[in-house]
Amino acid sequence: RLSPRVFFLHGAGAWGGQWAIWRRVFEAEGWRVDTPDFAPAPGGLAATRLDDYVAQASGWLAGAPADLLVGASLGGLVAASAAARFD
């Protein structure tokens, strides 16, 4: 059986590396950990909408299903919205 997988989604103005402490905690317990960085839409940050981030997260989850999805701030909203697409 594969180890469980967790995705940590960062908030606005942040990046995946900010989850470094939690990454170490979860990896020490045998979890596979993903802390991806959101990218702005092709039109730039001013043109980026919530659905752009939800689409990115949904793509990550489709490619590597997670047992746990964690988000901070905007990442929490994105996590909930992306998870709803898989219900």
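For clarity, every value in this text was computed on a predicted model and none was experimentally measured. (Residues numbered from 1 in each chain as written. Predicted model: local features only at pLDDT ≥ 70, side-chain atom pairs only at ≥ 80, totals over all residues. Heavy atoms only, no water.)

1. Regarding the overall build of the protein chain
Then, number 1: Helix and strand content of the protein chain: three helices and three strands.
Then, number 2: For the protein chain, the α and β elements follow one another from N to C terminus as β-α-β-α-β-α.
Then, number 3: The globule rule puts the C-alpha radius of gyration for 87 residues at 12 Å, and the 13 Å found for the protein chain is close to it.
Then, number 4: Here the C-alpha coordinates of the protein chain stretch approximately 40 × 30 × 20 Å along the principal axes. (Helix = DSSP H or I, 4+ residues; strand = E, 2+ residues; numbered from the N terminus. Rg over C-alpha atoms; globule rule 2.2 N^0.38 Å.)

2. A look at the pattern of salt bridges
Then, number 1: All chains considered together, the criterion is met by three salt bridges.
Then, number 2: In this structure, Arg23 engages Glu27 in a salt bridge whose closest nitrogen and oxygen atoms are separated by 2.9 Å. Of this pair, Arg23 and Glu27 both sit in helix α1 (residues 20-28), four residues apart, which is roughly one turn of the helix.
Then, number 3: Judged by relative accessible area, which is 26%, Arg23 ranks as partly exposed.
Then, number 4: Owing to a relative accessible area of 38%, Glu27 belongs among the partly exposed residues under this scheme. (Salt bridge = Lys/Arg side-chain N within 4 Å of Asp/Glu carboxyl O. Buried < 20%, exposed > 50% of the residue type's maximum accessible area, 1.4 Å probe, protein only.)

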